[in-house]
Protein chains: 2
Amino acid sequence: LAPSEDKNFLSALDAAAVKVDKELDNLLPNNGGRLHAAMRYAALSPGKKLRPFLVLESAGLFGEVNTQCLRVAAALECVHCYSLVHDDLPGMDNDDLRRGQPTTHRKFDVATAILAGDALLTLAFEILAHSATHNDPFIRTQLVLHLAKAAGEAGMVGGQMLDMEAESKNNSTLAEITTIQRGKTGALFEFACVAGAILNQVDQTPLRQYAEHMGHAFQIADDILDVESTPQNLGKATQKDKAKGKATFVDLMGLAAAKSKARELADQACTSLQSFGAKADMLRAAAQYVVNRQR
Amino acid sequence: LAPSEDKNFLSALDAAAVKVDKELDNLLPNNGGRLHAAMRYAALSPGKKLRPFLVLESAGLFGEVNTQCLRVAAALECVHCYSLVHDDLPGMDNDDLRRGQPTTHRKFDVATAILAGDALLTLAFEILAHSATHNDPFIRTQLVLHLAKAAGEAGMVGGQMLDMEAESKNNSTLAEITTIQRGKTGALFEFACVAGAILNQVDQTPLRQYAEHMGHAFQIADDILDVESTPQNLGKATQKDKAKGKATFVDLMGLAAAKSKARELADQACTSLQSFGAKADMLRAAAQYVVNRQR
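Residues numbered from 1 in each chain as written. Chains lettered and ligands numbered in written order. Predicted model: local features only at pLDDT ≥ 70, side-chain atom pairs only at ≥ 80, totals over all residues. Heavy atoms only, no water.

Participant: Is there a simple way to explain the relation of the copies chain B and chain A in this structure?
Facilitator: Taken together, a rotation about one axis and a shift along it account for how the two chain copies relate. Rotating chain B by 180 degrees and moving it 0.0 Å along the rotation axis overlays it on chain A with an RMSD of 0.0 Å. This pairing of chains is accounted for by a two-fold axis. Relative to the rotation axis, the C-alpha of Pro137(B) is the closest in chain B, positioned 2.8 Å from it. Interface overlap between copies: 100% of the residues of chain B at the interface are likewise at the interface in chain A, consistent with a symmetric, same-surface contact. (Least-squares fit on C-alpha atoms with pLDDT ≥ 70 in both. Contact = heavy atoms within 4.5 Å.)

Here it is, written out as structure tokens:
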């Protein structure tokens, strides 16, 4: 994949990360104790913050990017980060490194990591249900309901379970790994993109289509990076899927076809945004970034 | 403690458990896969279902016990059961037995138990946010907010973390273990008791006072049972606190004073319900049961 050189996009991504980190810093509790320290370590680590960026950009299509959007973005990041903490545990992927830093259970201990993950997930719903997230309680219930569906057994957790089961299976089809990834990664991407539509009570369809194509492209690109990049560059272990005998998009499609499919999906994601015109250019840049990124 | 001989109470507790199990059976997903099987194993195990009982009884003070109350009771039981699944994990208490059956990670595996716990917690908020739980979205957001606070870092998870930290401390005071238990056990009891008031938009104060006294009595009685009962009777390991060097109410107060304090708290719980008259007799019986139970 060609290096991403979209300077405008990268500085917008950085600016969003700064805003969301500030909001998270406000929302995360901090009594100096071990649980709060672990929650903050997990949620304030130097990630790309792509999901919160998508919340802010999609909400920005319909109105100003205010505290309400930032709270939704922060809640989503809490869910994403809890899932990484639990995923990295010895009983799951047993990873020592995440974003170039020790994983939460290596920095603290396993019990603290389990509890910090649980507390981050719970905090996400507390943030969404609070009146500061929107003055209309119906909209708050829609946000809670949508995030719970995206994060739970029919979404992210369900995808993670299928992914675990695929390890012992060793002969997954393209349709099967597409289903796994749609749950594991796609469901939270979808929430990120439609949250702005929920906040503004407008049709979610174009943003849902964008998210589906973009999430799919993201996961294929992840598999390509896993083959072409290094642990030093990615800040986490590479080629783990191969070691575990798990099929990837690259295995099943071949490297050239995977690259071409990722580009095609990014283009389809952009097409889904047609009705928004130039206002959606940053979301289009995000779709291209997802397939062109180096980490 | 004297054996509980309140037949009326015990049959009401059983009847509530049957209703709540039926509601949980409806609400828990079931595609035949491993994740759903583990969620159902954890949530439909033969527990006393005391917390759901408290939801139904306290809601019954203000109106009929309908599907709305049952959904709230089921959501609370999902949270309680997720916390048991995660508590029992090797990285936490490392227990093999719960309610006389293999713990979820022993029946399935650690990864499945982590994910099933995560999915149960997430499902609880999905249930509460759904319009079937109450037609007024404001009330649904209050339920989500209250349960999140009770379950999260300022409630149950926070208490569990303090409990873990107390293991290495070895010299907790009575005030400290009261704080630990108020989070670990008390916070969900409080939600159980005030949920009916939230559903009916009435003053939560008397039920909150009842819950505080009753939860405290429950935990002292737990420590007494841990000393006086057997693993066969309790369906779980006993005297673990001693082995870990954790202080209990019995250690710090002495057995006789602990029994007398538990009875005093049960009486105070009953007094808190004065304004409800005879309608609250079953909640009074619950407070007495909590200190008289044999397991």
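Participant: Could you clarify how one ought to interpret the interface of chain B and chain A in this entry?
Facilitator: Reports often express the size of an interface as the amount of accessible area lost when the parts come together. Facing 40 residues of chain B, the contacting portion of chain A comprises 40 residues. Summed over both partners, the interface of chain B with chain A buries about 3400 Å², with 78% contributed by carbon and sulfur atoms. Three residues, Leu115(B), Glu153(B) and Met161(B), lead the burial of chain B against chain A; their summed loss comes to 18% of the area buried on that side. Across the contact surface, chain B and chain A share 0 salt bridges. Counting every contact that joins chain B to chain A gives 6 residue pairs in polar contact (both at pLDDT 80 or more). Of all the secondary structure elements, the ones that give two or more residues to the side of chain B that touches chain A are helix 2 (34-43), helix 4 (67-87), helix 6 (110-129), helix 7 (137-151) and helix 8 (156-167) of chain B. Among the elements that make up the side of chain B that touches chain A, the one with the highest residue count is helix 6 of chain B (12 residues). In terms of residue class, the side of chain B that touches chain A is built from 23 nonpolar, 10 polar and 7 charged. (Buried area = accessible area lost by both parts, 1.4 Å probe. Salt bridge = Lys/Arg side-chain N within 4 Å of Asp/Glu carboxyl O. Polar contact = N/O pair within 3.5 Å; in protein donor to acceptor, adjacent residues only side chain to side chain. Helix = DSSP H or I, 4+ residues; strand = E, 2+ residues; numbered from the N terminus. Nonpolar A, V, L, I, M, F, W, Y, C, P; charged D, E, K, R; others polar.)

Participant: Where do I start with unusual backbone geometry in this structure?
Facilitator: One can expect most non-glycine residues to show negative phi and most peptide bonds to be in trans. If you check the backbone angles, Asn94(A) has positive phi at about 55 degrees while not being a glycine. Of the residues examined, Asn94(A) reaches a relative accessible area of 45% and is grouped as partly exposed. For Arg99(B), which is not glycine, the phi torsion reads 55 degrees and is therefore positive. Structurally, Arg99(B) can be placed in the loop between strand 1 (97-98) and strand 2 (101-102). Arg99(B) sits in the partly exposed class, given a relative accessible area of 22%. (Buried < 20%, exposed > 50% of the residue type's maximum accessible area, 1.4 Å probe, protein only.)

Participant: So what exactly am I meant to see when it comes to the packing of helix 7 (residues 137-151) of chain A against helix 7 of chain B here?
Facilitator: Relative orientation and spacing of two packed helices are given, respectively, by the angle between their axes and the distance between those axes. Put simply, helix 7 of chain A and helix 7 of chain B touch, their axes get as near as 8 Å, and they point 50 degrees apart. In this view, helix 7 of chain A runs oblique relative to helix 7 of chain B, as classed from their interaxial angle. Considering the relative orientation of helix 7 of chain A and helix 7 of chain B, their crossing is left-handed. On the side of helix 7 of chain A, the interface is formed by Pro137(A), Phe138(A), Arg140(A), Thr141(A) and Val144(A), while helix 7 of chain B contributes Pro137(B), Phe138(B), Arg140(B), Thr141(B) and Val144(B). (Axes fitted to C-alpha atoms, helices over the stretch in contact; angles between N-to-C directions. Parallel < 35°, antiparallel > 145°, perpendicular 65-115°, else oblique. Left-handed = near helix turned anticlockwise from the far one by under 90°.)

Participant: What's the story with the pattern of salt bridges in this structure? I'm lost.
Facilitator: Opposite charge on two side chains permits pairing when their charged atoms draw close. A complete count under the given rule lists 24 salt bridges over all chains for this structure. A salt bridge links Lys259(A) to Glu228(A); the nearest nitrogen and oxygen atoms lie 3.0 Å apart. Of the two residues, Lys259(A) is situated in helix 14 (residues 255-271) and Glu228(A) in helix 10 (residues 205-228); the sequence distance between them amounts to 31 residues. Here Glu77(B) makes a salt bridge to Arg99(B), at a shortest N to O gap of 3.9 Å. Placement of the pair is Glu77(B) in helix 4 and Arg99(B) in the loop between strand 1 and strand 2, with a sequence separation of 22 residues. Assessed through its relative accessible area of 1%, Glu77(B) is described here as buried. Overlapping salt bridges, with partners in common, bring together Asp21(A), Lys49(A), Glu77(A) and Arg99(A) in one network.

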